[in-house]
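What the coordinates show
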Amino acid sequence: MNLVLFGPPGAGKGTQAKLLMQARALPQLSTGDMLRAAISSGSPLGLQCRGIMDRGDLVSDEIVIRIIAERLDEPDCATGAIFDGFPRTIGQAEALDRLLQSRGRKIHVAIELKINDEMLLQRAESRIREMIASGQVPRPDDTPETLRNRLEVYYRKTAPLIAYYRNQDKLRTVDGMGAIPEVAREIAAVLDSTA
Ligand code: ADP
């Protein structure tokens, strides 16, 4: 099964994608993680993306589509994948449909994790506090100012995916406000009714 998980920053996509990866034995394809790995490795791609990500803006469609296209051809994606943080624009969603179609595959379901802005900002603040308390360095794009930009970018560029997947009859909305296991149960119910 190929599924897309999307929602505003801090909605819990990454956490739920990791749980799903274990529960459903599907690889998690997180463009955010892939781009952060490119930055850590000091590659030219990482250098190109660093400033854009630190500001909370989106990396170009061309770059993320190329990364996903390469990743899709690895053997572990043959039976499906969890797309986490990709697509993030209509252009990316159309490219993903084409990439899958040319391989005889398709998106089965797109899950929108819904959560209000106040909760997002609260979660982000506590995430920063916890990381600092445990001696970790918070992500450079996790400052309150950058988060506001990421949220604004989400509504402008990514939220149109709601209509895109609704038109394809693939949209399912899950309430992301609950505790992690509750949200995981809701997602499991959606997937069980899709399979
Ligand atoms: P979050 O969902 O918390 O914003 P991600 O790890 O998914 O975190 O993304 C972090 C940053 O990486 C984004 O703000 C953006 O700059 C970049 N990025 C990740 N995925 C994409 C994508 N599909 N298209 C463009 N930029 C992306």
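The paragraphs below set out a description of the structure included in this document.

In the region of the ligand, 18 residues are neighbours, and Lys13, Thr31, Arg36, Asp57 and Arg150 sit closest. Thr31 is positioned with one of its side-chain polar atoms (N or O) 2.8 Å from a nitrogen atom of the ligand. Residue Arg88 places a side-chain N or O atom 3.0 Å away from an oxygen atom belonging to the ligand. Relative to its unbound accessible surface of 550 Å², the ligand loses 95% to contact with the protein. Ranked by the residues each element gives to the shell around the ligand, the list is headed by helix 2 (residues 31–41), at 4 residues. The residue makeup of the shell around the ligand, split by class, is 7 nonpolar, 4 polar and 7 charged.

A few words on the packing of helix 1 (residues 13–24) against helix 9 (residues 180–194). Direction vectors running N to C along helix 1 and helix 9 enclose 55 degrees, while the axes themselves pass 10 Å from each other. Compared by their axis directions, helix 1 and helix 9 come out oblique. In this structure, helix 1 crosses over helix 9, and the sense of that crossing is right-handed. In this structure, helix 1 contributes Thr15, Gln16, Leu19, Leu20 and Arg24 to the contact, and helix 9 contributes Ile180, Val183, Ala184, Ile187, Ala188, Leu191 and Asp192. Its residues placed into classes, the contact of helix 1 with helix 9 shows 8 nonpolar, 2 polar and 2 charged.

Moving on: the packing of helix 4 (residues 61–72) against helix 5 (residues 90–101). Where helix 4 contacts helix 5, the axes come no closer than 10 Å and their chain directions differ by 25 degrees. Put simply, helix 4 runs roughly parallel to helix 5. The element helix 4 and its partner helix 5 pack so that their crossing is right-handed. Contact with helix 4, carried on its side by Asp61, Val64, Ile65, Ile68, Ala69 and Leu72, involves Gly91, Gln92, Ala95, Leu96, Leu99 and Leu100 of helix 5 and no other residues of that element. Split by residue class, the contact of helix 4 with helix 5 holds 9 nonpolar, 2 polar and 1 charged.

Rules of the game
Residues numbered from 1 in each chain as written. Predicted model: local features only at pLDDT ≥ 70, side-chain atom pairs only at ≥ 80, totals over all residues. Heavy atoms only, no water. Near = heavy atom within 4 Å. Polar contact = N/O pair within 3.5 Å; in protein donor to acceptor, adjacent residues only side chain to side chain. Areas by Shrake-Rupley, 256 points an atom, 1.4 Å probe, with all protein chains shown as cover. Helix = DSSP H or I, 4+ residues; strand = E, 2+ residues; numbered from the N terminus. Nonpolar A, V, L, I, M, F, W, Y, C, P; charged D, E, K, R; others polar. Axes fitted to C-alpha atoms, helices over the stretch in contact; angles between N-to-C directions. Parallel < 35°, antiparallel > 145°, perpendicular 65-115°, else oblique. Left-handed = near helix turned anticlockwise from the far one by under 90°. Contact = heavy atoms within 4.5 Å.

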